[in-house]
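Descriptive analysis of the structure
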Amino acid sequence: MFTITLNMAEEIPRTNAEIKSDDAFYSDAKDYWANVTPTIDGMLGGFAKISPTDINGSKIFLRPFLKITGGTVIAKHALDCGAGIGRVTKRLLLPIFETVDMVEQDKHFCDNARDFIGQDSKRVENIFCMGLQDFTPKEEKYNLIWTQWVLGHLEDNHLISFFQRCKKGLAEGGVIIVKENVLEVGKKMFDECDSSYTRTREELKSCITKAGLTILAEQKQKDFPKDLYPVYFFFLFFFLMQLYDE
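Residues numbered from 1 in each chain as written. Predicted model: local features only at pLDDT ≥ 70, side-chain atom pairs only at ≥ 80, totals over all residues. Heavy atoms only, no water.

Before going further, it helps to spend a moment on the overall build of the protein chain. Of regular secondary structure, the protein chain possesses seven helices and 10 strands. In the protein chain, which comprises 246 residues, the proportion classed as buried is 52%. A separation threshold of at least 6 residues defines the contact pool for the protein chain, and within that pool the share at least 24 residues apart is 71%. Accessible surface, the protein chain as shown: approximately 11300 Å² in total, 51% of it carbon and sulfur. (Helix = DSSP H or I, 4+ residues; strand = E, 2+ residues; numbered from the N terminus. Buried < 20%, exposed > 50% of the residue type's maximum accessible area, 1.4 Å probe, protein only. Contact = heavy atoms within 4.5 Å. Areas by Shrake-Rupley, 256 points an atom, 1.4 Å probe, with all protein chains shown as cover.)

This is how it looks when you write it as structure tokens:
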């Protein structure tokens, strides 16, 4: 599941009192995605043309953190959060990692994922069909947890809890990478259409730090259309002093 947010006026800031109940917030998002076609264009809200640029930018950002290029990330087990039909799994993660698990709440995306991925789907060990607010990764399993264009579908408290659970899911030397639309100023915006937020960069970073994670790198995605909100990468680490005492 992916949400690309256009920089358009119909998104308006809302106070907490104006936001729907948690149940409605999540059920409205679920209803929206249930009516989206299981294609790349569907996943990207009609912006299929940006997929190659997106994947290439992600490869460039990830590469320095891999063990083979001097980083800490062993290319063994990855987790794709909000995976949709597996666009990121197929194009970014499976070419690098031995196995990938996927988390996606929409059943018809999950049902179509292996066909979309093709022959390499045999290296997709698990497809967890649930929302991130309900997902708990297996402890100490993943060398990389990748989340992209999905965290706007979590309320702040659930986002913080999700990050905290992800910390426990990291193997030694493992990291979390977040790739999200952000606002540079103001306060988070609520999109009635797909029931999601676009947070400011500082609001997203605040949720990250409240979860006990450290941001070691931050970078803007290049060459996206100007009518999209800025998209940033955040490289997150559960800071263990012993890793830096050697």
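Moving on, we get to the sheet that holds strand β6 (residues 170-181). Across the sheet, seven strands lie side by side as β4-β3-β2-β5-β6-β10-β9; this open sheet has mixed pairing. Bordering the open sheet on either side are β4 (124-128) and β9 (214-220), each of which pairs with just one other strand. Each strand of the sheet is rotated relative to its neighbour by a mean of 15°, with strand direction disregarded. Relative to strand β3 (residues 99-103), strand β2 (residues 77-81) is paired through five bridges, and the arrangement is parallel. Note on β3: the bridge partner recorded for His77 is Thr99. Along the sheet, helix α3 (residues 51-62) makes contact with β5 (142-148), β6, β9 and β10 (231-237), crossing β10 at roughly 30°. (Pairing = 2+ DSSP bridges. Axes fitted to C-alpha atoms, helices over the stretch in contact; angles between N-to-C directions.)

With that settled, consider the state of the cysteines. Taken as a whole and assessed by the stated rule, the structure comprises zero disulfides. Residue Cys110 stays outside any disulfide, its sulfur separated by 3.4 Å from that of Cys129, the closest cysteine. Cys166 takes part in no disulfide bond, and the closest cysteine sulfur to it belongs to Cys81, at a distance of 5.3 Å. (Disulfide = S-S within 2.5 Å.)

What follows covers the nonpolar core. Counting residues in hydrophobic clusters, the biggest one holds 38 residues, and the most contacted among them are Leu93, Phe97, Leu144, Trp146 and Ile177. For this core, the elements supplying multiple residues, two or more each, are α3, α4 (87-93), β3, α5 (107-117), β5, β6 and β10. Apart from the residues lying within four places of it in its own chain, the contact partners of Trp146 are Ser58, Leu79, Asp80, Cys81, Val88, Leu92, Leu93, Ile177, Lys179 and Phe233. Listed in part, the 31 residues of the second largest apolar core include Leu132, Leu151, Leu159 and Ile160. (Core = buried A, V, L, I, M, F, W, Y, C linked by side-chain atoms within 4.5 Å.)

Right, let's get into the packing of aromatic side chains. A complete count under the given rule lists 13 aromatic pairs for this structure. Above the plane of the ring of Tyr232 lies Arg201, whose end atom (NZ or CZ) is 4.3 Å from the centre. (Phe/Tyr/Trp six-rings, centres within 6.5 Å; stacked < 30°, edge-to-face > 60°. Lys NZ or Arg CZ within 6 Å of the ring centre and 35° of its normal.)

Time to look at the UniProt feature "binding site: S-adenosyl-L-methionine" (unreviewed entry) in the protein chain. Mapped onto this numbering, the UniProt entry gives "binding site: S-adenosyl-L-methionine" (unreviewed entry) at Gly82, Arg87, Leu132, Gln133 and Gln148. Among residues more than four places away in sequence, those in contact with Gln133 are Tyr26, Gln105, Leu154, His158 and Arg165. Within the fold, Gln148 resides in strand β5. Within the structure, Gln148 has its side chain in polar contact with the side chain of Asp54 (distance 2.8 Å). (UniProt positions renumbered as here; feature names shortened; annotations may be inferred. Polar contact = N/O pair within 3.5 Å; in protein donor to acceptor, adjacent residues only side chain to side chain.)

Attention now goes to the pattern of salt bridges. Evaluated as defined, the whole model comprises 12 salt bridges. Here Asp54 ties to Lys179 by a salt bridge, and the two come within 2.5 Å at their closest N and O atoms. Highlighted residues: Asp54 in helix α3 and Lys179 in strand β6, separated in sequence by 125 residues. Lys179 sits in the buried class, given a relative accessible area of 0%. Here Glu202 makes a salt bridge to Lys205, at a shortest N to O gap of 3.6 Å. Residue Glu202 and its partner Lys205 are both found in helix α7 (residues 201-210); the two are separated by three residues, about one turn of the helix. For Lys205, a relative accessible area of 19% corresponds to the buried category. Connected through shared salt-bridge partners, Glu184, Arg201, Glu202, Lys205 and Glu218 make up one network. (Salt bridge = Lys/Arg side-chain N within 4 Å of Asp/Glu carboxyl O.)

Next up on the list: the environment of Met130. Relative to the assigned elements, Met130 resides in the loop between β4 and β5. Overall, Met130 belongs to the partly exposed group, its relative accessible area being 29%. With 26 residues separating them in the primary sequence, Met130 and Glu104 have C-alpha atoms 5.7 Å apart. Met130 has contacts with Val103, Glu104, Gln105 and Phe135, leaving out every residue within four places of it along the chain.

So, about the environment of Lys90. Within the fold, Lys90 resides in helix α4. Sequence separation between Lys90 and Ile117 is 27 residues, and the spatial gap between their C-alpha atoms is 5.5 Å. Setting aside chain neighbours within four positions, we find Lys90 in contact with Pro95, Phe116 and Ile117. At a separation of 2.9 Å, a polar atom in the side chain of Lys90 contacts the main-chain carbonyl oxygen of Phe116.

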